[in-house]
Each structure stands twice: as C-alpha cells, then as structure tokens.
Amino acid sequence: MMSRTPLILLACGSFNPITNMHMRLFELARDHLQKTGRYQVIEGIMSPVNDDYRKKGLVSARHRIAMAKLALETSDWIRVDPWESEQETWTETVKVLRGAATNLRSGDPTYKGFDLAQLQLKHHYNESLRLLQSKKEFMKNKWPIERSTEDPLSYQHSVLPELKLLCGADFLQTFKTPNLWKEEHIKEIVEKFGLVCISRAGSDPAQYISESDLLTQFQHNIFLVKEWIQNEISATQIRYALCRGLSVKYLIPDSVISYIAHHNIYTEESERKNEGDLLQPLKLHNTTVNPLND
C-alpha cells in the first residue's frame, strides 16, 4: 500500500475581504488531493498581498490580515501569514513560494540555498515548522520508515512536504495578461511547485492550459478541482453590497462582518482607492496596459 506525501497549500491574493469561498478553496483542494491517495495535506496558508500591489479598492493590509485571522479562528489547519503584506513593497508570488520552500528545507539561518530576502521569510514561518515537526512524529509512528526503491510515493518520515500554490481557475487566465507575469516565474511555479486550481462557473481551466505551451508542458503538476456545489461568492460584489448598506450575512463570517462594521472599512471612498493606478507588476514593466479591475 502506497503511503502519502505530506503537502502544504499556499494561497496568495487580496482577501479583500476574506469570504467563505476563500476558505472553501482550501477544503476543496484538500479533499481532492487526499482522494488521489498520493497526498496528506497538513497545512493551509493564506498570504494577503501587499498594499503596494495597487489594486483598485484594496484596503489596508492591517485590516485584511485582521479579518482573515478572525475568519480562520474556526479552522484547525489553515492560518494567515502576514509576511508578504508587511514588506516595504509588493513581492512577486514566486518569491513567496521560494521563501516558504526555504523554510521547509532548513531551519539553519546560515542556509545558503537562497538569497537573504528569501531567508528572512523563515522567521515568519516558525509556526509551519513547529506543525511540521509534530506531523513528522505522527507520520513516523503511523507509517513504516522502510521505502521501496521501486515506489517513489512510499513515505519516509524525513521527506519534506511538497508546497503547492492554491488558486481559483481564473488565475490561470492572468498568465496571459501582458507584463503581469514573468515567463520564467510562471515556469518555476508550475515546474517546481505546482498549482491546485478550483473551478468557477464560466471558467474553463482545461482550455487555459491547452492554449499555453508552457502550462501544457507541466500539466501533470496542475491539479484541476471541480466545485460541484457552485459557490460564486465574490469579494468584489461583497464590497459593493457593503457600500450600499446591504446584508452580506452567510457570505462572510459573522466575526468579519462585525469587524467591518466597527471599523467602517468598505465605503464608496475605499472603492476609489488606487483608481486609475497600474498594478505594481505592470508599473515595474513600464507598460501602458490599462489597470485591471477586481
């Protein structure tokens, strides 16, 4: 019987605000991956984007982090990590993944496999490391250490978890936006880490893959997850509803609704924030492409 490879899911995004659907992505991905018989998902991490991303209507990371922490109080395996949002400027997704991988590879601050900026991530992933150690002990007792050389999926307690980027299926479509992504970064993400994409109504992730030579080349490392119970909760539409004084109960956690009301976060004024600005990756490429909406 094949043993399972431990796996960590990392989701980068605005979480503006965090919704029930954001949390459902993790649950759907875990179910799918574990049903393959190949993986044991041991942790989920949400990494809210830096304010400097310049997305229209993006409220302060301080509030987005606080709301995510409140929402995830009910989860025993998903957490929010503030590192990306606390940097002086926007950080590319691939660098967040590299940093998380560095933390898993070595607890030694003198580790030379990655540059200093990536090594600084390790301080902010201490909780992951602590959980990983406890999981290792559990798995060591649960599964045999022996490993058949003919079975690459056989588990050995010294094997580090794999790290995969969790996203909605429309995320794949953003790879086609000129100057939004560097080609070498897309390749590194799909080749070295892998993607877990949750489908949404109106999206066709299989088509996005087939239209890209790069994604097709590494499609074995892209997991497409079907959401059979369609849930089209949109953070953008939730913000619009809040601006109009409409109820969003049962769309986002009650604790988040209370926080939003207490701090009066989403208003017509907040929706105009960054209006007309280029997204930071487009700005860095000196492009004249129009800014993307939410």
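Residues numbered from 1 in each chain as written. Predicted model: local features only at pLDDT ≥ 70, side-chain atom pairs only at ≥ 80, totals over all residues. Heavy atoms only, no water.

A.B. asks: Can you explain the overall build of the chain? Please cite residues and give values.
C.D. replies: A count of helical and extended segments in the chain gives 14 helices and 6 strands. The contacts of the chain with a sequence gap of at least 6 include a subset with a gap of at least 24, amounting to 76%. Put simply, the chain shows about 14900 Å² of open surface, and 49% of that area lies on carbon and sulfur atoms. (Helix = DSSP H or I, 4+ residues; strand = E, 2+ residues; numbered from the N terminus. Contact = heavy atoms within 4.5 Å. Areas by Shrake-Rupley, 256 points an atom, 1.4 Å probe, with all protein chains shown as cover.)

A.B. asks: How would you sum up the confidence of the model for the chain? Please name residues and give values.
C.D. replies: In low-pLDDT segments, the atomic positions of the prediction should not be examined closely. Confidence along the chain averages 83 in pLDDT terms, with 78% of residues attaining 70 or more. Counting contacts from residues 107-127, a segment whose pLDDT is below 50, to residues more than four positions away or on other chains yields 38 contacts. Confidence drops under pLDDT 50 across residues 287-294; counting only partners more than four residues distant or on other chains, this segment forms 20 contacts. (pLDDT = per-residue confidence, 0-100.)

A.B. asks: Could you give an account of the environment of Ile222, with specific residues and numbers?
C.D. replies: Following the sequence through the fold, Ile222 ends up in strand β6 (residues 222-225). With relative accessibility at 7%, the residue Ile222 sits in the buried group. Setting aside its immediate chain neighbours within four residues, Ile222 contacts Val190, Leu195, Cys197, Ile209 and Leu215. (Buried < 20%, exposed > 50% of the residue type's maximum accessible area, 1.4 Å probe, protein only.)

A.B. asks: Before we move on, could you go through the sheet that holds strand β5 (residues 195-198) and cite the residues and values that matter?
C.D. replies: The 6 strands lie next to each other as β3-β2-β1-β4-β5-β6, forming an open sheet whose pairing is parallel. At either end of the open sheet lies a strand with only one pairing partner, and these are β3 (78-80) and β6. Strand-to-strand, the axes of this sheet are offset by a mean angle of 25°, without reference to chain direction. Of the pairings in the sheet, the one linking strand β2 (residues 39-48) to β3 comprises 3 bridges and is parallel in character. Within the sheet, the bridge partner assigned to Met46 lies in β3 and is Val80. (Pairing = 2+ DSSP bridges. Axes fitted to C-alpha atoms, helices over the stretch in contact; angles between N-to-C directions.)

A.B. asks: How would you explain the packing of aromatic side chains if you had to name every residue and give the values?
C.D. replies: In this structure the tally under the stated criterion is 6 aromatic pairs. Seen from their ring centres, Phe171 and Trp181 are 5.4 Å apart, and the 80° between their planes marks the pair as edge-to-face. One end of the pair, Phe171, is in helix α7 (residues 170-174); the other, Trp181, is in the loop between α7 and α8 (183-193), and 10 residues separate them in sequence. Taking relative accessible area as the criterion, Phe171 reaches 17% and is therefore assigned buried. A residue is classified by how much of its surface remains accessible, and Trp181, at 17% relative accessible area, is buried. (Phe/Tyr/Trp six-rings, centres within 6.5 Å; stacked < 30°, edge-to-face > 60°.)

A.B. asks: Residues and numbers for the nonpolar core, please.
C.D. replies: One finds Leu9 and Ile18 to be the most contacted residues of the largest nonpolar core, which totals 40 residues. With 7 residues, the top contributor of residues to this core is helix α1 (residues 20-35). Residue contacts for Leu9: discarding those within four places in its chain leaves Phe26, Ala29, Arg30, Leu33, Val41, Glu43, Gly44, Ile45, Trp77, Lys164 and Val196. Counting residues in each nonpolar core, the second largest holds 38 residues, with Ala101, Cys167, Leu214 and Leu278 among its members. (Core = buried A, V, L, I, M, F, W, Y, C linked by side-chain atoms within 4.5 Å.)

A.B. asks: I'd like a rundown of the pairing of strand β1 (residues 5-13), residues and numbers included.
C.D. replies: Most of β1 sits inside the fold, with 7 of its 9 residues counted as buried. Both β1 and β2 contribute to a ladder of 9 bridges, which runs parallel. Across the sheet, residue Pro6 finds its bridge partner in β2, namely Gln40. This β-α-β element, β1 to α1 to β2, shows right-handed connectivity. Sheet topology places β1 next to strand β4 (residues 162-168); 4 bridges connect them, and they run parallel. (Right-handed = clockwise from strand over helix to strand, strands pointing away.)

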